[in-house]
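# Structural features, examined
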Amino acid sequence: MSAYIHHIATRTPGYTYSQAYTRDRLKSWTSDPKAKRLIHAIYNRSGIETRHSVTGDFIEDAEAMLFRTAEDGTLISPSTGARNACYARESRKLAVAVARQALNDAPGFAAQDVTHVVFTSCTGFSNPGPDYHIIRELGLRENVQRYTLGFMGCYAAFPSLRMAAQFCEADANAVVLVVCLELCTLHMQVNDAPDSILANSLFADGAAAAIVSARVPEPRSAAYRLHAFESALVASSEQEMAWEIGDEGFNIVLSSYVPDIIGANIRALLGGVLQRQNLAFDKIDEWAVHPGGRAILDKVQQSLALKPEALNASRSILRDYGNMSSATILFVLKELLDEAESEPAMTCAMAFGPGLTVETAVLERLGCTVPSAMQSHPVGVTD
């Protein structure tokens, strides 16, 4: 029995910033000329144009702001407690909104159908958490099973979907609501460390929700059949990407060597995954790669010898949203689903996170959203 992603909904918070604006704002918070030059260079080559945040601190000047500026122009860094309090408040609102959107837009599914909620986040903690509020505010049955996968990082959507698929394979009546939500901008730290500058240039806020069940989708309706998941650890790379709780938010280690490490290992790792699924590289029709940064996408494209257009969806999401950690790959999968012109299509998805961990999934896209040229212009019909 197969499990299917029937619908993906995405949502971002209300504040939108251009990359150029945040670049200049960050430069204004440091007095070191070298740091200013580094910020300017990193932001300019990020491949990002806009990002979203739950906080309006970058454009507003109010007493209640999380990030405030001292009289000398330097940033007053909020405590971890203050940042997490903002997470608890804002994650509840965003999680409920994206879950409601997913249920409203998924044909044939209602709130009372949901049997499991899997909530995923690595940017904050609260209990009762967003999973609880989703059940209460959307009118789900109170005996819904709920699970939280926390602090895993950018690859966490894959364990969430794998868990959902296992529930559905074990129970044909299961309907799983998967929600990935990250408020990365709450953990911005302004200092001269290259890791912090790089993280500040990449990470953003967003949420995505997916409806997963064993119901066979209606003919030609856009969906994904979940075929297989695999996890792998890249040897001798633990120190290159890590995340820990500090006194002023979460401290991230994000080495500039990460793209090179991924590039050097991804073909061998992926080759084994595809071989176990009896698939060759040339049998993959679409690629959904977590856009951890422009350099990562460049290295994956180069290492897998992909055509430039193969990563259009990943680059588009990076450009318009930045890196929203675990939610990002669902944005990419939705982009591919929304732009689908033919069916079926074998899709290989992957994401990378602390460890260095590589998560992969093989999906089969069913249905198509965009009418093909033949459908738009039937035989004998012209403009």
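Throughout, residues of each chain are indexed from 1 in the direction in which the sequence is written. Whole-chain, interface and lining totals are the exception, using all residues; otherwise, since this is a predicted model, local features are given only for residues with pLDDT of at least 70 and side-chain atom pairs are given and counted only at 80 or more. The side-chain numbers reported here are obtained from all heavy atoms of the structure, hydrogens and water having been left aside.

## Considering the confidence of the model for the chain
Here pLDDT means the predictor's own confidence in every residue, given as a number from 0 to 100. Put simply, the chain has an average pLDDT of 91, and 95% of its residues get 70 or more. Note on contacts: a residue pair qualifies if any of its non-hydrogen atoms lie within 4.5 Å across the two residues. Counting interchain partners and residues more than four positions distant, the pLDDT-below-50 stretch residues 373-383 has 5 contacts.

## Let's talk about the packing of aromatic side chains
Aromatic rings in a pair are described by how distant their centres are and how their planes are angled relative to each other. Within 6.5 Å between ring centres, the rings of Phe, Tyr and Trp (the latter by its six-membered ring) count as paired, and their orientation is classed by plane angle as stacked under 30 degrees, edge-to-face over 60, tilted in between. The final tally for this structure, using the stated rule, is 9 aromatic pairs. Their ring planes at 85° and their centres at 5.4 Å tell us that F151 and F250 sit as a pair that is edge-to-face. Separated by 99 residues along the polypeptide, F151 in the loop between β7 (145-150) and α5 (157-170) and F250 in strand β12 (residues 249-254) bring together distant segments of the chain. Remark: exposure states derive from per-residue accessible area (1.4 Å probe, protein chains only) relative to the maximum for the residue type, with buried under 20%, exposed over 50%, and partly exposed in between. Given a relative accessible area of 30%, F151 falls into the partly exposed group. Working definition: helices are DSSP H or I runs of at least four residues, strands are E runs of at least two. Numbering for both runs from the N terminus.

## Regarding the environment of N191
Counting through the fold element by element, N191 comes out in the loop between β8 (175-183) and α6 (194-202). Between the C-alpha atom of N191 and that of Y87, which follows or precedes it by 104 residues, the distance is 22 Å. Setting aside chain neighbours within four positions, we find N191 in contact with S196 and I197. Reaching out from N191, the side chain makes a polar contact with the backbone nitrogen of A193 at a distance of 2.9 Å. At a separation of 3.2 Å, a polar atom in the side chain of N191 contacts the side chain of S196. Counting of polar contacts relies on pairs of N or O atoms within 3.5 Å, with two restrictions inside protein: one atom must be capable of donating a hydrogen and the other of accepting it, and residues adjacent in sequence are counted only when both atoms are side-chain atoms.

## Quick notes on the sheet that holds strand β14 (residues 345-353)
Backbone hydrogen bonds are what pair the strands of a sheet, in a parallel or an antiparallel way. Only strands that DSSP links by at least two bridges are regarded as paired with each other. Overall, mixed pairing links the 9 strands, which are arranged β7-β6-β8-β9-β1-β10-β15-β14-β13 in an open sheet. Two strands bound the open sheet, and with one partner strand each, they are β7 and β13 (286-289). This sheet shows a mean twist of 25° between the axes of neighbouring strands, independent of strand direction. Relative to strand β15 (residues 357-366), β14 runs antiparallel, the two being bridged by 9 bridges. Among the inter-strand pairings, C348 is bridged to a residue of β15, identified as V362. Axes here refer to lines fitted to C-alpha atoms; in helices the fit is confined to the stretch in contact. Angles between the N-to-C directions go from 0 to 180 degrees.

## Focus: the nonpolar core
Inside soluble globular proteins, nonpolar side chains tend to come together where they are buried. In these notes, a set of buried Ala, Val, Leu, Ile, Met, Phe, Trp, Tyr and Cys residues joined through side-chain atoms within 4.5 Å is what counts as a nonpolar core. Core analysis: the biggest nonpolar cluster contains 43 residues, and V114, I134, L140, L177, V179, L181 and I211 have the highest contact counts within it. Every element with two or more residues in this core is listed here: α2 (33-44), α3 (80-105), β6 (116-121), α4 (130-138), β8 and β9 (205-213). The element best represented in this core is α3, accounting for 9 residues. By size, the runner-up hydrophobic cluster in this structure holds 42 residues, among which are V176, C180, A288 and A361.

## Some words on α6
Listed as buried for α6 are S196, I197, A199, N200, S201 and L202. Buried residues along α6 sit against α1 (19-28), α2, β3 (50-53) and β12.

## A short note on the pairing of strand β10 (residues 223-233)
In this structure, strand β1 (residues 3-11) lies alongside β10, joined through 3 bridges in antiparallel fashion. The partner of Y4 across the bridge, within β10, is R225. Strand direction decides the pairing type here: β10 and β15, joined by 10 bridges, are antiparallel. Residue pairing across strands places A228 opposite V362, the latter belonging to β15.

## Some details on the packing of α2 against α6
The description of two helices packed together rests on the angle between their axes and the distance between the axes. Packing of α2 against α6 brings their axes to within 10 Å, and their N-to-C directions diverge by 40°. In terms of orientation, α2 lies oblique with respect to α6. Handedness of the α2/α6 crossing: right-handed. Residues A35, L38, I39, I42 and Y43 of α2 form the contact with α6, whose own contacting residues are P194, I197, L198, N200 and S201. Any angle that falls under 35 degrees is termed roughly parallel, while one over 145 is termed roughly antiparallel, one within 65 to 115 roughly perpendicular, and all others oblique. Two helices cross in a left-handed way if the nearer one is turned anticlockwise from the farther one by less than a right angle. They cross in a right-handed way if the turn is clockwise.

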